[in-house]
Amino acid sequence: MKKEKQVIYYDDPLSDEFSAAQITPRTIDGSWVYVHTSLWKRLTHFFWYRVVAMPIGWVYLKLKFHHKIVGREKLKGAGKKGFFLYGNHTQAMADPFVPTMLAFPRDVCVIVHPNNVSMPYLGRVTPSMGALPLPDDLAASRNFVAAVKHHMERGHGICIYPEAHIWPYYTGIRPFSEKSFGYPIKYGGSVFCFTNTYQKRGKRVQMVTYIDGPFSPKEALPLPQRKRELRDRVFEAMAERAKSSNVEVIEYRRRDSDDQHPVCGE
């Protein structure tokens, strides 16, 4: 922690992005291959996901944040079926690793912005680590949907950061839409959420991740209301867990008011 707290001013909690990375995203069109079935690609996935990403992620999270997970046993509620994980987006480096730690020993894929597969060198590896970039055209959309179905049928986890934009160390839950909650309704599978909180640990800041769920869509509701109701329950669970944060590394202020802070559900 710095002696003087950093202050970041924001205009729009829905679209402002505070990641330091400046990347020109590639176009994800129909030529993008989401699912590889060759033996070589399966071996490279095992290498990058199990041999490289998992140990590096575990060490990084422990050394940087003394990471702690609370409620991992709740994921047993998914059984052997695929499941969806929704989490808050507060770290550029840590967020790709957190779902992997939560879901272990099962594979988990993360739905990402095309930026994540457009980085020099690393962008070639992130798909083998489970990155599923959002599509840019109709042909890619069909392949993307098929990939989600593929992973669900194999009992994998699908992670979504519904806030979409990174706000480092933010201790609330920013508003997000119900759009991404159509996936569990369409493909089935349990829904869980995780909330990364920041808590004092001596002179350091510890990241404590809470898992909640499972949540199931209410089948009696029409589709739009079903997505909204599921989103609301996930949001409320995350907002309640966010109250466990007791240290503010970065203070976020709305630009038009020095004393106005974003609130859960704003």
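First, a word on what this report is: a plain description of the structure on this page.

Reading the values: rules and limits
- Residues numbered from 1 in each chain as written.
- Predicted model: local features only at pLDDT ≥ 70, side-chain atom pairs only at ≥ 80, totals over all residues.
- Heavy atoms only, no water.
- Helix = DSSP H or I, 4+ residues; strand = E, 2+ residues; numbered from the N terminus.
- Rg over C-alpha atoms; globule rule 2.2 N^0.38 Å.
- Contact = heavy atoms within 4.5 Å.
- Areas by Shrake-Rupley, 256 points an atom, 1.4 Å probe, with all protein chains shown as cover.
- Lys, Arg positive; Asp, Glu negative; His and termini not counted.
- Charge placed at Lys NZ, Arg CZ, Asp CG, Glu CD.
- Expected span 1.5 Å × (residues − 1).
- Buried < 20%, exposed > 50% of the residue type's maximum accessible area, 1.4 Å probe, protein only.
- Pairing = 2+ DSSP bridges.
- Polar contact = N/O pair within 3.5 Å; in protein donor to acceptor, adjacent residues only side chain to side chain.
- Patch = residues over 30% accessible without salt bridge, like charges linked within 9 Å, V, L, I, M, F, W, Y side chains within 5 Å.
- Salt bridge = Lys/Arg side-chain N within 4 Å of Asp/Glu carboxyl O.
- 1 Å grid on protein atoms, 1.4 Å probe; cavity = no way out; pocket = protein on both sides within 12 Å on 5 of 7 lines; lining within 4 Å.
- Points joined across faces, edges and corners; volume = space filled by probe spheres on them.
- Nonpolar A, V, L, I, M, F, W, Y, C, P; charged D, E, K, R; others polar.

**Some words on the overall build of the chain**
A tally of helices and strands in the chain yields six helices and nine strands. Radius of gyration (C-alpha) of the chain: 18 Å, near the 18 Å computed for a compact globule of 266 residues. C-alpha extents for the chain along the principal axes are approximately 55 × 45 × 35 Å. The contacts of the chain with a sequence gap of at least 6 include a subset with a gap of at least 24, amounting to 76%. Approximately 14,000 Å² of the chain is accessible, and the part contributed by carbon and sulfur atoms is 56%. Of the charged side chains in the chain, 38 are positive and 26 negative, and the gap between their average positions amounts to 10 Å.

**A few points about the environment of I158**
Of note, I158 is situated in strand β6 (residues 157–160). In this structure, the C-alpha to C-alpha distance between I158 and G82, residues 76 residues apart in sequence, is 7.7 Å. Setting aside its immediate chain neighbours within four residues, I158 contacts F83, F84, L85, V108, C109, I111, L132, H151 and M152.

**A closer look at helix α6 (residues 223–242)**
Along its 20 residues, α6 runs 29 Å from first to last C-alpha, staying within 8% of the 28 Å computed at 1.5 Å per residue. Among all positions of α6, only R226, E229, L230, R231, V234, F235, A237, M238, A239 and A242 are buried. At its buried positions, α6 is contacted by β3 (83–87), α5 (182–187), β7 (190–201) and β8 (204–215).

**Concerning the pairing of β3**
Residues in a regular strand project their side chains so that they alternate between the two faces of the sheet. When you tally the buried positions in β3, you get five out of five residues, the bulk of the element. In the sheet, β3 pairs with β6 via four bridges, with the strands oriented parallel. Considered in β6, the bridge of Y86 is made with I160. The sheet contact formed by β3 and β7 spans five bridges and is parallel.

**Focus on helix α4 (residues 138–153)**
Between its terminal C-alpha atoms α4 stretches 23 Å, which fits the 22 Å expected from 16 residues at 1.5 Å a residue. Turning to α4, its buried residues number three or more, namely A140, F144, A147, V148, H150, H151 and M152. For α4, the secondary structure elements touched by its buried residues are β3, β4 (108–112), β5 (131–133), β6 and α5. Between a side-chain oxygen at the N-terminus of α4 and the backbone nitrogen of A139 the separation is 3.3 Å; the capping residue is D137. Positive backbone phi, at 75°, marks G155, one or two positions downstream of α4.

**Overview of a positive patch on the surface**
There is a patch of like positive charges on the surface, built from K62, K64, K68, R72, R201 and R204. With respect to the helices and strands, the residue R204 is situated in strand β8.

**A look at the pattern of salt bridges**
Counted by the stated rule, this structure contains 14 salt bridges. Taking the shortest distance from any N to any O, the salt bridge between R228 and D232 comes out at 3.6 Å. Pair noted here: R228 and D232 are both in helix α6, with a separation of four residues, about one helical turn. Since its relative accessible area comes to 23%, D232 is described here as partly exposed. One salt-bridge network, held together by shared partners, links E178, R228, R231 and D232.

**Regarding the layout of surface pockets**
What the largest pocket holds in volume is close to 1,700 Å³. If you trace the largest pocket, you find 46 residues lining it, with H89, I111, V112, H113 and N116 closest to the centre. Going through the elements one at a time, α1 (39–65), β4, α4 and α5 are the ones with two or more residues in the lining of the largest pocket. Of the residues that constitute the lining of the largest pocket, the class distribution is 28 nonpolar, 14 polar and four charged. Estimated volume of the second largest pocket: approximately 580 Å³. Along its surface, the second largest pocket is lined by 26 residues, and Y34, H36, K41, H45 and P127 are the ones closest to its centre.

**Side note on the pairing of β8**
When you tally the buried positions in β8, you get nine out of 12 residues, the bulk of the element. As paired strands, strand β2 (residues 68–70) and β8 are joined by three bridges and run parallel to one another. Within the sheet, the bridge partner assigned to V70 lies in β8 and is Y210. Pairing analysis gives 10 bridges linking β7 to β8, with the strands arranged antiparallel. Within β8, the position partnered with C193 by the bridge is D212. Counted along the chain from β7 to the antiparallel partner β8, the turn is two residues long, and its residue G202 has a positive phi close to 65°.

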